[in-house]
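# Report on the structure
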Amino acid sequence: MGIPRSALVTTAALAVAVLLAPVPAVALPGEPGGPADAPGRELRGDRDPVRDKGATDSAPARGSLGTARNALEAGAPSFHRPGGYPRRTALKEPAANPADKSIKLGLVPYHSIAPKLNELQKIGDRVSVEVAGKSATGNDLYLVTVTAPESSREAREQERMRERIENAPAVAARDAHLKKAYKTPVFINNNIHGNEWEGTDAALKLIEELAKAKDAKTLSLLAKNRIYLNVTANPDGRIAGTRANANGFDLNRDFITATQPETRAIRQIAIDKQPAVMLDLHGYVNGTLIEPTTPPHGENYEYDLFLKNAYANALGMEKAVNALGYTAEKDGVLPAEIPFRDSAEGWDDWPPIFTPQYMPFQGAVASHTIEFPMRVNGSSYDSLSVAELRRRSSINTAIAGAAMRATLDFTLTNRTQVLADQIETFRRGAAGEAQRPVSPETVPGVPGIGPEDVYTTTFPRAYVIPAGTGQRSSVAAARLVDHLVANDVRVERAVLPFKLGGRSYPAGSYLVDMKQPKRGIANVMLAEGRDISGDVSTMYDISGWSLGLLWGATVEKVSGGGDLRVISRPVPAAAATGYVAPRGDLKLRMDDPKELAALNSLLAQGVSVRRTDDGAAIVPASARKAAKVAAERYGVVFAATKERGVALLERVRVAASVTSGEQFALREMGFEVVPVSTASLNAGFDWSGADVLMVSTGLNHAGLTQAARDAFAASGAGFVGIGQVGAAFGKAAGLISATAVEGNGDANGVVRVTGAGGPLTAGAPGHSFVYSPVWFTELGAGVRVDQSYATGNPLVSGHWRPTAGGTGGPSDAAGRPSIVSATGPGGVPAVLIGTEPLFRDHPKGSFAQVGRALITR
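Our subject in this report is the structure included herewith.

The rules behind each value
Residues numbered from 1 in each chain as written. Predicted model: local features only at pLDDT ≥ 70, side-chain atom pairs only at ≥ 80, totals over all residues. Heavy atoms only, no water. Helix = DSSP H or I, 4+ residues; strand = E, 2+ residues; numbered from the N terminus. Buried < 20%, exposed > 50% of the residue type's maximum accessible area, 1.4 Å probe, protein only. Polar contact = N/O pair within 3.5 Å; in protein donor to acceptor, adjacent residues only side chain to side chain. Pairing = 2+ DSSP bridges. Axes fitted to C-alpha atoms, helices over the stretch in contact; angles between N-to-C directions. Patch = residues over 30% accessible without salt bridge, like charges linked within 9 Å, V, L, I, M, F, W, Y side chains within 5 Å. Areas by Shrake-Rupley, 256 points an atom, 1.4 Å probe, with all protein chains shown as cover. Salt bridge = Lys/Arg side-chain N within 4 Å of Asp/Glu carboxyl O. Phe/Tyr/Trp six-rings, centres within 6.5 Å; stacked < 30°, edge-to-face > 60°. Lys NZ or Arg CZ within 6 Å of the ring centre and 35° of its normal.

A few words on the environment of Arg156. Within the secondary structure layout, Arg156 lies in helix H4 (residues 152–167). What makes Arg156 partly exposed here is its relative accessible area of 47%. Considering only alpha carbons, one finds Arg156 and Gly83, 73 residues apart in sequence, at a separation of 7.9 Å.

Take a look at the structure:
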C-alpha cells in the first residue's frame, strides 16, 4: 500500500465539525469469519496484474455480435420526466436462473431483484423505481429513488432548483429558499464489477429500512434528501460472476470513452440527478478501503472543496465500519483504511475513468470507492466452502450497509455545507476563476496535506474545433462534439467567421467556452494532459487519455481572458457531416473508424472497391446510391475523384486472439471477427473462414501443434500483431523479421509519433496511445518502417519511467519504429504494431491504422 503517512497525521479522530469549517468567502454557514486470504493485500483489489487493457474476466468477450451492437447503438434515457414521487413502475420479472453466480453466496440473484423492488414499491409512499437503461445483453438497470413524497408541482420546483445550481450558481448561492428547500441528492452505485456482489444486497436492505422506518431522523433525512440507488450496474456480470459486462468491458474504466450502455446509463443519472455525494461499492481489500486517495490527484477538480467533504465522510464511514465489531482474530477482518491518510501512493484519483473520479465533474463534492474486505470471487469462489463464502458475503454486506448509512448521516448533518460546495464548484467554472490549491489553510482540519497533494491546472479561455480542416477532421470533430454534449459540456457553433488568439476560423467551427460550470470535464477531454512520470513512482491505472489528441479531430486551445466575441449558437448535436459528390467516381478516406465501417458495409453489399497507394478507397460511380446510404449512416464524405486505385479490396474476416476492447473496436469498424485461441487452433480451425489472423494476447506460436502451425502457414492468411505477444507470434511464425523491445511494462500514456505515409499510416494523427510500449529493432530485409516514436521525449501525457535498471524509458523508444510491415512467404502481408491503437475502444484516431493493416494485401 506504500509508505504510511503517519508522520503527517496529527490525529485520526478530528471532529467532523472542524473538518467542515467554512472557507472564507466561499462556504455557506454550517447547519445546526476466518482468516484473511493472505498476509498481504492487493494494491486496489481490482487491477489485472498481467495486461490491464480491458476486462480481466473475459477476453475475448462473452457477448454476441448483437451485444456489441447494443453497446454501440443504445443510449440512456433522460430522467427529466414529469410527475412527482413516488413513481411506481411494474417491473418485468425475469425467469429464474439457477446458474446465477450470486446464489452460491447466499445473495440476491438478478432475477429476484425485480420482484423485490415491486414489493418495496408497495410499502408506503417513499420508494420509486425506474428502468435506467439496459445492459449489453438487454437486462434492465434499476434506479431506485427513496425520498419523501412530492407532488408534480414540488418535483418541478426541485428540478428548477437543480438547474439553477448548475446553470446560475452565483444566483443559487444567494437563494435562501433553495438552501432551505432543495433536496440534496445522494447516489449509491452498486455492483459495477459483476463479481463484487454485496453492494446490491446492502442497497436492497437499506431501501427496505428507509421505506419502513418511522423515526424522526429518517423522516428528516427523506424530507431533505433524495437517495438514488443503482441497484446493480452490471447485471450481466452479476449473473455470470465476471468482473466485466457481457462485452468484456470493465465498466469502471469506461467513464471517459463511455463505450458501454451500462456506463452511459450511469452518466445520464449523474447529469440528470446531479448527486452531491456518491458511493461506489467494490471488493475486495482487507481492511475495508475508503477513499479519498493518495496522490496524484486529478488536476481538473476543485479539489479543495472535494477533499474537505470526502475526508470528513470517510472518517464517518470508517467509524461506522469499525463499530460493527469485526476483528482480525475473530473474523479475519482488518481495520478500515483511508488511503489519503494511511498511504503515500498507489491508489490515486488521477484518471477520471472510474465512477467516483468522474462524478465530481457532474457536481459531487464527496465521492468514494468502498472496498469491502472479504474475498469471495476468483479462486475463493471455487475453493471455499459454501458456508465460508456466505459468512464472508454476510460480513461484506454489513460493511457496505454501514458505509451507506454513515454517508446518509453525513449528508443530512452537513447538507448546507455540501450544497454550498456543489454550488461553489459550478460557480468557479462559470466565472472562470482559478482553482484553490489544497493546503492546511484552504482545507482546514484535514491532516497531512503537503506539496505532494497539490495538482492544479490553468484552464484555457476556450477550445476551438475548426470546421473545414479536412475530411477526417470533420468526421472526427462531429464525434468529439457529440461526446462533449453527451457529457453535458456546452458547445457552440459559430454562425460567422471569427478570430481568436490570433487565428482565423471559418463559420461552422465549434467553440467550447471554458467559462462554464462543467469546465472540468471539458478540460479532461480536450487538454493534452500532463507528464507525471516524475511525480510518483507508480500509478494505479492509465495516466493519459486526451480526446483532443487521440480522437482524430483538430482541437486548438485559446489562451487569455476577456469576452470571446463570437456570434454562435448552442448545439444539441454536431452538424451532419455525410456527403456524396454528385458526379464521377468517389474517394473515401480511410482515416477514421466510421470510414472503415462505411467501407465494410459497401463490401458486404458486393460493391467493387479499389485501394489507392495512400490507403484510401475508390468507389465506382455505379455505387452512388449505396454510398449515399453509408454517408448518411456513418457521417462520412465521398469526394469526387479521377483516381483509379492500385488494388481490389475485399471483405475481410478476422481470426482474433485479442482483448475485449480490441474485439469491440474491430466490430465497431464493421469487421467480421471470429475469436480464436490456442485450443481452437489446435482443434483444427477452419482457415477458409478467415483472411487475417490478429494477435495481441493469449496466443503463443510454440503452444500450437505442428498441424496447427502448418494449417495457418498454408492458409495464406495475413497477420497483424500488437504488442510483445503479437510481435513474438509473427516472428516465430516466420512472417516478419523484427525484434520487439518492450519498454517499462507499467508505462502508459499519449505519445507523439511520426508516420512514413503509404497505405498504413498516410493521414494518421501525430499521436497515439501506449500501454507497456514496444518498439522494433533488428529489422530484416524487406521490413518497412511505417511509423516511429518521435525523437526527444515522445511522451506527451501519462507516466513512463525507465525500469529500475535504467532502460525501457521514453528516451530509449525515441525515434524507434512503432509500426513495421513486410510481405512474408507466399506474399502474405504482416504488420507489427508497438502502440495500443485500439486500447479499451478509446483512441479513435488510431483505429484506422489497424483497419488499414487488415484490408491491405
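Attention shifts here to the side chain of Asp541. Its place among the elements puts Asp541 in the loop between helix H19 (519–526) and helix H20 (547–550). The class for Asp541 is buried, based on a relative accessible area of 2%. A polar side-chain atom of Asp541 sits 3.0 Å from a polar atom in the side chain of Arg253. Within the local environment of Asp541, its side chain forms a polar contact with the side chain of Arg840, the two groups lying 2.9 Å apart.

Sheet architecture is open: five strands sit in the order E15-E10-E14-E11-E16, paired in antiparallel fashion. Only two strands of the sheet have a single partner each, and these edge strands are strand E15 (556–558) and strand E16 (568–570). Each adjacent strand pair in this sheet contributes to an overall mean axis angle of 30°, direction not counted. Across four bridges, the pairing between strand E10 (residues 462–465) and strand E14 (residues 510–513) is antiparallel. Opposite Ala462, over in E14, you have Asp513 as the bridge partner.

A cluster of nonpolar side chains, contributed by Val495, Leu496 and Ile567, occupies part of the molecular surface with about 250 Å² of accessible area. Residue placement: Val495 occurs in the loop between strand E11 (492–494) and strand E12 (498–500).

Attention shifts here to unusual backbone geometry. Along the chain, Asn286 connects to Gly287 via a cis peptide bond; the corresponding omega equals 10°. Relative to the elements of secondary structure, Gly287 occurs in the loop between strand E5 (277–283) and strand E6 (289–290). That bond from Pro295 to Pro296 is cis: its omega, -5°, falls within 30 degrees of zero. Mapping Pro296 onto the fold places it in strand E7 (residues 294–297). Non-glycine residue Ala258 carries a positive phi angle of around 55°. Examined against the element boundaries, Ala258 turns out to sit in the loop between helix H9 (235–240) and helix H10 (261–273). The class for Ala258 is buried, based on a relative accessible area of 9%. In this structure, Ser772 takes a positive phi of about 55° despite not being glycine. Tracing the chain through its elements places Ser772 in the loop between strand E29 (767–771) and strand E30 (774–777).

Enumeration according to the criterion identifies 50 salt bridges in this entry. Residue Glu424 is joined to Arg427 by a salt bridge in which the shortest nitrogen-to-oxygen separation is 2.8 Å. Residue Glu424 and its partner Arg427 are located together in helix H17 (residues 415–431), separated by three residues, close to a single helical turn. One exposure class covers both Glu424 and Arg427, and it is buried. When the shortest N-O distance is used, the salt bridge between Asp841 and Lys844 registers 3.2 Å. Classification of Asp841 by relative accessible area gives buried; the value is 1%. Because the salt bridges share partners, they merge into one network encompassing Glu302, Asp304, Glu424, Arg427, Arg428, Glu433, Arg436 and Arg519.

Taken as a whole and assessed by the stated rule, the structure comprises 21 aromatic pairs. Aromatic side chains Phe719 and Phe729 sit 5.6 Å apart centroid to centroid with 20° between the ring planes, which places their arrangement in the stacked category. You can see Phe719 sitting in strand E26 (residues 718–722) and its partner Phe729 sitting in helix H26 (residues 723–732), a full ten residues away along the chain. Phe729 carries the same exposure label as Phe719, and that label is buried. Among the aromatic residues, those joined into a ring-pair cluster are Phe685, Trp687, Phe712, Phe719 and Phe729. The ring of Tyr85 carries the charged tip of Arg87 above its face, separated from the ring centre by 4.2 Å. The cationic tip of Lys104 hangs over the ring face of Tyr381; the distance from NZ or CZ to the ring centre is 4.5 Å.

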